[in-house]
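Examination of the molecular architecture
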Amino acid sequence: AFFTKAIPSSKCTVNRGFLDVSIEDSMHVSTGEIYRISKVKIEKEGTSSAELQNLEGLAFNNQLLEQEVAAYHQTLINEGYLNAVVEIKKIEKIFLEKSVEILLSEQKGELVSISNIHFIGNELNNVDFIKKISFVQDSIVATAENLQLLTKNIVSTELFDNVSEPELFSEDGKISALIYVK
């Protein structure tokens, strides 16, 4: 939460785009004007930058901003950047324009590959055989698309009645996938 803490006096701030709210007594609340998001800039590793344009023009709202940052972070994770970090670096209130400019920082880190795949519940088939007929390879990049394809390929072998979505975990400093089969 960025503008939701009470200010120690008779003024406080609230969510919903009203950044100039003040409470003067128990009967008089002044909401001020709604502040709109004019720009959301993403400062990426190094010197490059980008903008999130889907928030521009909307009333500033803490929850909306946090949801968009979380969605953007999830996009990076889905692309295989499991150690990505996205942070709100600065929210600048532009009083005359009744707008805010937001600066995010992005640190993708390295693409993460799955170093090993474990099948839990497999009692009849050799792991190498399962990998071979389902075109499963160790060292695939851990993107959402690759994980879905991994599951689809294992299901298509018809060796198992049930195949879980891969669960990723750290094993000896490397990322492994755990797949429950039955």
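For the structure given in this document, a descriptive report is provided here. (Residues numbered from 1 in each chain as written. Predicted model: local features only at pLDDT ≥ 70, side-chain atom pairs only at ≥ 80, totals over all residues. Heavy atoms only, no water.)

**Concerning the sheet that holds strand β5 (residues 85-94)**
What counts, and what does not: Here, any two strands with at least 2 DSSP bridges between them count as paired. Only DSSP runs of H or I covering at least 4 residues are called helices, and only runs of E covering at least 2 are called strands; the numbering of each starts at the N terminus. For helices, the axis comes from a line fit to the C-alpha atoms of the stretch in contact; other axes are also lines fit to C-alpha atoms, and the angle between any two N-to-C directions lies between 0 and 180 degrees. Note on contacts: a residue pair qualifies if any of its non-hydrogen atoms lie within 4.5 Å across the two residues.
Spatially, the 4 strands line up as an open sheet ordered β4-β3-β6-β5, and their pairing is mixed. A strand with exactly one partner marks an edge of an open sheet, and here the two such strands are β4 (49-51) and β5. Across the sheet, the mean angle from the axis of one strand to that of its neighbour is 20 degrees, orientation sign disregarded. Where β5 and strand β6 (residues 99-107) come together, 9 bridges link them in antiparallel fashion. In the strand pairing of β6, V85 is matched with Q107. Running over the sheet, helix α1 (residues 62-78) touches β3 (36-43), β5 and β6 and is turned about 150 degrees from β5.

**What about the environment of E87?**
Of note, E87 is situated in strand β5. For the pair E87 and V69, spaced 18 residues apart in the sequence, the C-alpha separation amounts to 7.6 Å. Once residues within four sequence positions are removed from consideration, E87 is found in contact with L103, L104 and S105.

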